[in-house]
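# Secondary and tertiary structure notes
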Protein chains: 2
Amino acid sequence: MPRADAARNRALLIEAAAAELSEHGLDVSIARIAARAGVAKGTVFNHFAGKEELVAAIFCEQLGALAATGEALLHHADPWEALVRFMTAAAELQVRDRSFCEAGAATSRTDPAVRAASDRLARAAEALTARARDSGAVRADVTGHDVVLLLSAATQIAAPLAGSRSDLWRRYLHLVLDGLRPAAAHDLPVAPPTHRDFTAAAG
Amino acid sequence: MPRADAARNRALLIEAAAAELSEHGLDVSIARIAARAGVAKGTVFNHFAGKEELVAAIFCEQLGALAATGEALLHHADPWEALVRFMTAAAELQVRDRSFCEAGAATSRTDPAVRAASDRLARAAEALTARARDSGAVRADVTGHDVVLLLSAATQIAAPLAGSRSDLWRRYLHLVLDGLRPAAAHDLPVAPPTHRDFTAAAG
DNA sequence: ACCTGAACACCGTTCAAGT
DNA sequence: ACCTGAACACCGTTCAAGT
């Protein structure tokens with residue numbers, strides 16, 4: 001069992017890291033996080049193997065929260081509206097937290113905790129997508145894995161103008177959503193990603 | 001007028017930087033670029049104010065090449081096909097060059113050379129979009145500025161799986177293109193970006 | 001006028017010394 | 001068992017000394 005001060009320092013570090021990462025993104029320094037937590041720089045490496053593992057810990061929490069939002073939306077009456085709210089929640093999380101997008105690209109998929117959280121999110125996305133597809137609101141050739149990848153589309157498209165037009169992601173979320181509707185569906189040139197593709201992506 | 005060895009070193013640096021950036025992305029070290037060019041580290045700072053300006057120089061060349069592609073496609077018979085080829089060319093450039101996406105986000109928009117190249121690209125995109133819109137192939141509420149922002153959408157959506165599925169961006173390019181068609185068009189919640197938004201985005 | 005390489009301030013990470 | 005801060009190898013950048 002952990003020593004009392006160690007458990008406290010770990011909690012302080014996670015809290016400080018979450019705050020600094022959301023404000024300044026992935027390139028915030030370890031020194032800054034340690035200072036905010038009130039511990040020495042070296043203490044960070046007593047609790048986490050390196051910066052990447054610390055970032056992964058925060059990233060997991062956010063993935064879990066987003067998955068929970070998706071699971072709750074499965075009980076929403078309108079399958080299309082449920083999917084829209086799920087993707088909106090993901091975009092709002094990314095606007096709120098600068099590091100979330102960056103972590104999704106940078107964090108290692110070999111980390112078991114990240115994989116577990118990703119899988120849970122994928123299951124929620126697949127269930128929401130299946131419901132919307134079966135109801136005819138979403139085109140037949142789109143999968144839950146597609147939706148997972150599309151979660152960061154709107155904010156990334158709008159990112160270059162995020163400084164001057166902070167709400168622009170809403171425009172591109174709706175443009176992407178229109179692409180998911182059956183009305184304009186044309187054949188897609190390559191197969192959807194599989195679970196295997198996600199686990200095999202070394203990065 | 002520049003000294004002979006200075007002009008030669010500048011050319012060598014740009015060539016080395018372009019190669020290293022396309023292979024390793026923005027986080028390649030100045031030391032590595034200088035070594036590849038066969039000059040001392042300090043020489044880089046005789047020709048460029050810093051790493052950002054060196055990256056901007058490479059970025060400008062690529063923006064110019066893409067703009068030229070767009071201008072040539074204005075003479076294509078089919079307006080929709082011209083737009084598709086323009087967006088495909090942009091995606092292929094991003095797959096070929098790891099640094100291009102990153103530079104678009106990181107490079108300062110205050111640099112006059114970057115601004116000039118961006119404006120040229122924006123004009124080409126606007127002309128291609130107007131033609132496709134007037135022909136009825138593209139929905140009425142989409143602008144050339146939208147298309148500029150959408151140029152990196154497909155590759156960024158597919159980025160997490162680029163290692164295992166290098167052609168996946170084609171799927172999302174077509175999904176985004178389906179969103180641009182009039183058939184599935186629903187009202188977009190916020191106004192398109194303006195030229196002012198692009199110049200005001202401080203980064 | 002330009003090139004060079006030592007020097008500086010930073011970063012993430014390691015580790016011997018403490019408690 | 002954990003915390004600490006000095007030390008290390010890196011990075012981008014500066015600049016005095018050369019030619």
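In this text the structure is predicted, and so the values were computed from the model without any measurement.

Further remarks concern the UniProt feature "domain: HTH tetR-type" (unreviewed entry) in chain A. In the numbering used here, UniProt assigns the feature "domain: HTH tetR-type" (unreviewed entry) to residues 7-66 of chain A. Taken end to end, residues 7-66 of chain A is 82% helix and 0% strand, and its first and last C-alpha atoms sit 26 Å apart.

Before going further, it helps to spend a moment on the protein's contact with DNA strand D. Surveying the vicinity of DNA strand D reveals 19 residues, the closest of which are Arg3(A), Asn9(A), Ala40(A), Thr43(A) and Lys51(B). The sugar-phosphate portion of DNA strand D accounts for 65% of its atoms within 4 Å of the protein, the bases making up the rest. The separation between a phosphate oxygen of DNA strand D and a polar main-chain atom of Ile30(B) is 3.0 Å. For the surface near DNA strand D, the secondary-structure elements that each account for two or more residues are α1 (4-24) and α3 (41-47) of chain A together with α3 (41-47) of chain B. The greatest single-element share of the surface near DNA strand D, amounting to 5 residues, is contributed by α3(A). Tallied by class, the residues present in the surface near DNA strand D amount to 7 nonpolar, 7 polar and 5 charged.

So, on to the state of the cysteines. Tallied over the full model, the rule gives 0 disulfides over all chains. Of the cysteine sulfurs around Cys60(A), a residue in no disulfide, the closest is that of Cys101(A), at 16 Å.

To continue, consider helix α6 (residues 98-106) of chain B. All names here are of chain B. Of the residues making up α6, those classed as buried are Ser-99, Phe-100 and Ala-103. For α6, the arc enclosing every buried residue in end-on projection is 105°, short of the 170-degree limit, so these residues lie on one face. Buried residues in α6 make contact with α1 (4-24), α4 (51-73) and α5 (79-96). Residue Asp-97 occupies the N-cap position of α6, its side-chain oxygen lying 2.8 Å from the main-chain nitrogen of Ser-99.

Residue and element names in this part refer to chain A. Turning to helix α2 (residues 30-37), its buried residues number three or more, namely Ile-30, Ile-33, Ala-34 and Ala-37. For α2, the buried positions fall inside an angular range of 100° around the axis, keeping them on one side. Packed against the buried residues of α2 are α1, α3 and α4 (51-73). Following α2 by one or two positions, Gly-38 adopts a phi angle in the positive range, close to 80°.

Moving on, we get to the relation of the copies chain B and chain A. Its rotation angle being 180°, the transformation that places chain B on chain A also includes 0.0 Å of axial translation and leaves an RMSD of 0.0 Å. With respect to symmetry, the two chain copies, as superposed, fit the operation of a two-fold axis. Rotation axis and chain B: the residue whose C-alpha lies nearest the axis is Gly179(B), separated from it by 1.8 Å. Interface overlap between copies is the fraction of interface residues in one copy that are interface residues in the other; for chain B against chain A it reaches 100%, indicating a shared surface.

So, about the domain arrangement of chain A. Residue and element names in this part refer to chain A. Domain annotation of chain A identifies domain 1 (1-48) and domain 2 (52-202). A separation of 28 Å is found between the C-alpha centroids of domain 1 and domain 2. Contact residues are listed per partner, giving 13 residues for domain 1 and 13 residues for domain 2. Across the interface of domain 1 and domain 2, roughly 1,100 Å² is buried in total on both sides, 75% from carbon and sulfur atoms.

Here we take up the packing of aromatic side chains. By convention here, two paired aromatic rings are described through the distance between centres and the angle between planes. All names here are of chain A. One pass over the structure, following the stated rule, counts 2 aromatic pairs over all chains. Ring geometry for Phe-59 and Phe-100: centres 5.2 Å apart, planes at 45°, overall tilted. A residue pair is termed long-range when its members are at least 10 positions apart, and Phe-59 in helix α4 and Phe-100 in helix α6 (residues 98-106) qualify at 41 residues.

Let us look at the interface of chain B and chain A. Note: interface size is frequently given as the accessible area lost on complex formation between the parts. Across the boundary between the two partners, chain B contributes 40 residues, which contact 40 residues of chain A. Both faces combined, the contact of chain B with chain A buries some 3,700 Å², and carbon together with sulfur accounts for 64% of it. Counting across the chain B and chain A interface gives 6 salt bridges. With a shortest N-O distance of 3.0 Å, Asp197(B) and Arg165(A) are connected by a salt bridge.

So, on to the protein's contact with DNA strand C. Ile30(A), Lys51(A), Arg3(B), Asn9(B) and Thr43(B) are the nearest of the 19 residues found near DNA strand C. Between DNA strand C and the protein, one listed contact pairs a phosphate oxygen with a backbone N or O atom of Ile30(A) at 3.0 Å. In this structure, a phosphate oxygen belonging to DNA strand C sits 3.2 Å away from a side-chain N or O atom of His47(B). At the level of secondary structure, the elements contributing two or more residues to the surface near DNA strand C comprise α3 of chain A together with α1 and α3 of chain B.

Rules behind the numbers
- Residues numbered from 1 in each chain as written.
- Chains lettered and ligands numbered in written order.
- Predicted model: local features only at pLDDT ≥ 70, side-chain atom pairs only at ≥ 80, totals over all residues.
- Heavy atoms only, no water.
- UniProt positions renumbered as here; feature names shortened; annotations may be inferred.
- Helix = DSSP H or I, 4+ residues; strand = E, 2+ residues; numbered from the N terminus.
- Near = heavy atom within 4 Å.
- Polar contact = N/O pair within 3.5 Å; in protein donor to acceptor, adjacent residues only side chain to side chain.
- Nonpolar A, V, L, I, M, F, W, Y, C, P; charged D, E, K, R; others polar.
- Disulfide = S-S within 2.5 Å.
- Buried < 20%, exposed > 50% of the residue type's maximum accessible area, 1.4 Å probe, protein only.
- Arc of directions from axis to C-beta.
- Contact = heavy atoms within 4.5 Å.
- Least-squares fit on C-alpha atoms with pLDDT ≥ 70 in both.
- Domains from an automatic or database assignment.
- Buried area = accessible area lost by both parts, 1.4 Å probe.
- Phe/Tyr/Trp six-rings, centres within 6.5 Å; stacked < 30°, edge-to-face > 60°.
- Salt bridge = Lys/Arg side-chain N within 4 Å of Asp/Glu carboxyl O.

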